[in-house]
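As a plain string of letters, each chain reads:
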Amino acid sequence: MTEQTERSLAAPRPTGEIRIWPRSFADRLTAPLPGVRAFARLAREGRLRPSAASLREIPGVPVNPGAPPAVNAATVAVTWAGHASWVLSIGGLTVLTDPVWSRRILGTPPRITPVGVAWRDLPRVDAVVISHNHYDHLDAATLKRLPRDTHLLLPAGLGRWARRRRFTRVTELDWWEAVELPGAAGPVRFDFVPAHHWSKRTFTDTCRSLWGGWVVTAPSGQRVHFAGDTGYGHWFGRIGARYPGIDLALLPIGAYDPRWMLGPVHTDPEEAVRACQDLGARAMAPMHWGTFLLSAEPPLEPLRRVRAAWAATGRPRDELWDLPVGGSRVLEPGGGRKARAASAGPLAT
């Protein structure tokens, strides 16, 4: 693929299309899914959750709940609600990513930190983007709280799920496809981009819907990449080539241990920093840690490791937005960056 092709963007598709999709997206997998032997090994090793000793770190997870900053339509701002849930203010729109406001999700212990933004403190939600259908990213109980005319932007294959719940503005996209929604400052563009992951919600629907991330572009041209849930691989460089000038990358740094099983589908902190470099992003905000304990690493290890990996690159410290749960950042018009809440703060000792 030539550089010119990489950088050419698809024309936006109409919103609300009813489309026919393949029965399976398993051909998009970049690694084989774990089988029975892998799960047996996992159970044998006993590495399903952090050790009892490491759970003492939980009170040190940085939390600073608050309302999203009030910004005008020309300004982009992000607030981390926890896990992969962000409140994105862009082009005059309020957008939620993978919103999970529930205390617990199926098959997982309750969240260890409160939601960073109280539901009552949210502005009117204009749109929701979903990365894939795993329960910690597609939470039916949270979506049920939204008006049914909220725009839902979904991976291919999830439209029927949303329409059954009476949502009336449902748009499904394949990789590299886009839609635009009108905002107060002009059209806001949403591109669905590849990720190294998979999908499953029931015993019979493995890879029946697609998975991916989103590049959201403001009328001013400022760009935010929301990676969703992903392992490390070649897609980051491809995304960076096609969408140059990404201002902020929201990248997962948790749920990575043991690596032999989770490496293909979850970036560890060092890989997330490498992904940020591949994307050419000007700043990185870590996510997918400090909320649900989905794997065996200690609760604060992702934060320790991402800070060390960032320091090793030699990039300015203020380009790593290691927010507390509930923390916000504002991207000033013209590319400047203003911090409303500093960093996650020092680690607990």
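Here, every reference points to the structure presented above.
Everything quoted here is computed from the prediction, not taken from an experiment.

J.: Can you explain the overall build of the protein chain? Please cite residues and give values.
T.: When helices and strands are tallied, the protein chain shows eight helices and 14 strands. Taking 2.2 N^0.38 as the reference for a compact globule, 349 residues should give roughly 20 Å; the C-alpha atoms of the protein chain span a radius of gyration of 19 Å, in line with that estimate. Principal axes of the C-alpha set define a box for the protein chain whose edges measure 50 × 45 × 45 Å. Long-range contacts, defined here as pairs at least 24 residues apart, represent 69% of the contacts in the protein chain between residues at least 6 apart. Per element, the accessible surface of the protein chain, about 14200 Å² overall, is 55% carbon and sulfur. Side-chain charges of the protein chain comprise 44 positive and 31 negative groups, with the mean position of each set lying 6 Å from the other.

J.: Before we move on, can you summarise the sheet that holds strand 9 (residues 213-217) with the specific residues and values?
T.: Spatial strand order, 7-8-9-10-11-12: six strands in an open sheet with mixed pairing. Edge strands, defined here as strands with exactly one partner in the open sheet, are strand 7 (178-183) and strand 12 (284-287). Going across the sheet, the axis of each strand differs from the next one's by a mean of 20°, ignoring polarity. Pairing analysis gives four bridges linking strand 9 to strand 10 (residues 223-226), with the strands arranged antiparallel. By the bridge assignment, T217 is partnered in strand 10 with R223.

J.: So what about the packing of aromatic side chains? Which residues, and what values?
T.: Scanning the model with the defined rule gives nine aromatic pairs in all. Among the aromatic residues, ring-to-ring pairing joins W175, W176, W211, W235 and Y243 into one connected group. Here the guanidinium or amino end of R242 rests over the ring plane of W176, the centre of that ring lying 4.0 Å away.

J.: Outline empty space enclosed by the protein, supporting the account with residue identities and numerical values.
T.: One pass over the full model with this rule turns up three cavities of 30 Å³ or more. Looking at the largest cavity, its volume works out to about 110 Å³. Taken together, 15 residues form the lining of the largest cavity, with A255, G290, F292, L293 and E297 sitting closest to its centre. For the lining of the largest cavity, the class distribution of residues is nine nonpolar, five polar and one charged.

J.: Provide a residue-level description of the pairing of strand 5 (residues 151-155), including the pertinent values.
T.: Where burial is concerned, most of strand 5 is hidden: five out of the five residues are buried. In the sheet, strand 4 (residues 127-129) pairs with strand 5 via three bridges, with the strands oriented parallel. When the sheet's bridge partners are listed, V128 is paired in strand 5 with L152. Across five bridges, strand 5 lies against strand 6 (residues 169-173) in parallel orientation. Its bridge partner lying in strand 6, H151 is registered against R169. Where the polypeptide runs from strand 5 across helix 4 (residues 159-164) and back to strand 6, its parallel neighbour, the crossover connection is right-handed.

J.: Help me get a handle on the layout of surface pockets, residues and values and all.
T.: Empty space left among the atoms is revealed by rolling a probe the size of a water molecule over them. Volume-wise, the largest pocket comes out at about 1100 Å³. Only helix 2 (36-45) and helix 6 (259-262) provide two or more residues apiece to the lining of the largest pocket. As for the second largest pocket, its lining consists of 20 residues, and the residues nearest its centre are G157, L158, R160, W161 and R208. Considering every element that reaches the lining of the second largest pocket, the biggest residue donor is helix 4, with five residues. Here the lining of the second largest pocket is built from residues that sort into six nonpolar, five polar and nine charged.

J.: Mind laying out the side chain of D174, listing which residues take part and the relevant values?
T.: In this structure, D174 sits in the loop between strand 6 and strand 7. In this structure the side chain of D174 is engaged in a polar contact, spanning 3.0 Å, whose partner is the side chain of R28. In contact with D174, other than residues within four places in its own chain, are W21, R28, F192 and L210.

J.: Pulling in residues and values, what's your account of the pattern of salt bridges?
T.: Applying the stated criterion across every chain, the model contains 18 salt bridges. As a salt-bridge pair, E271 and R259 come within 2.7 Å of each other at their nearest N and O atoms. Residue E271 is found in helix 7 (residues 269-279), and its partner R259 is found in helix 6; the two are separated by twelve residues along the sequence. A relative accessible area of 27% means that R259 is categorised as partly exposed. Put simply, R305 and E270 hold a salt bridge, and the shortest N to O gap is 2.6 Å. On the criterion of sequence distance, the pair formed by R305 in helix 8 (residues 301-313) and E270 in helix 7 is long-range, its members being 35 residues apart. Under the relative-accessibility criterion, R305 is labelled partly exposed at 25%. Among the ionic contacts, a cluster of salt bridges with common partners joins R259, D268, E270, E271, E301 and R305.

So, how was this worked out
- Residues numbered from 1 in each chain as written.
- Predicted model: local features only at pLDDT ≥ 70, side-chain atom pairs only at ≥ 80, totals over all residues.
- Heavy atoms only, no water.
- Helix = DSSP H or I, 4+ residues; strand = E, 2+ residues; numbered from the N terminus.
- Rg over C-alpha atoms; globule rule 2.2 N^0.38 Å.
- Contact = heavy atoms within 4.5 Å.
- Areas by Shrake-Rupley, 256 points an atom, 1.4 Å probe, with all protein chains shown as cover.
- Lys, Arg positive; Asp, Glu negative; His and termini not counted.
- Charge placed at Lys NZ, Arg CZ, Asp CG, Glu CD.
- Pairing = 2+ DSSP bridges.
- Axes fitted to C-alpha atoms, helices over the stretch in contact; angles between N-to-C directions.
- Phe/Tyr/Trp six-rings, centres within 6.5 Å; stacked < 30°, edge-to-face > 60°.
- Lys NZ or Arg CZ within 6 Å of the ring centre and 35° of its normal.
- 1 Å grid on protein atoms, 1.4 Å probe; cavity = no way out; pocket = protein on both sides within 12 Å on 5 of 7 lines; lining within 4 Å.
- Points joined across faces, edges and corners; volume = space filled by probe spheres on them.
- Nonpolar A, V, L, I, M, F, W, Y, C, P; charged D, E, K, R; others polar.
- Buried < 20%, exposed > 50% of the residue type's maximum accessible area, 1.4 Å probe, protein only.
- Right-handed = clockwise from strand over helix to strand, strands pointing away.
- Polar contact = N/O pair within 3.5 Å; in protein donor to acceptor, adjacent residues only side chain to side chain.
- Salt bridge = Lys/Arg side-chain N within 4 Å of Asp/Glu carboxyl O.

Read these as geometric descriptors, not functional statements.
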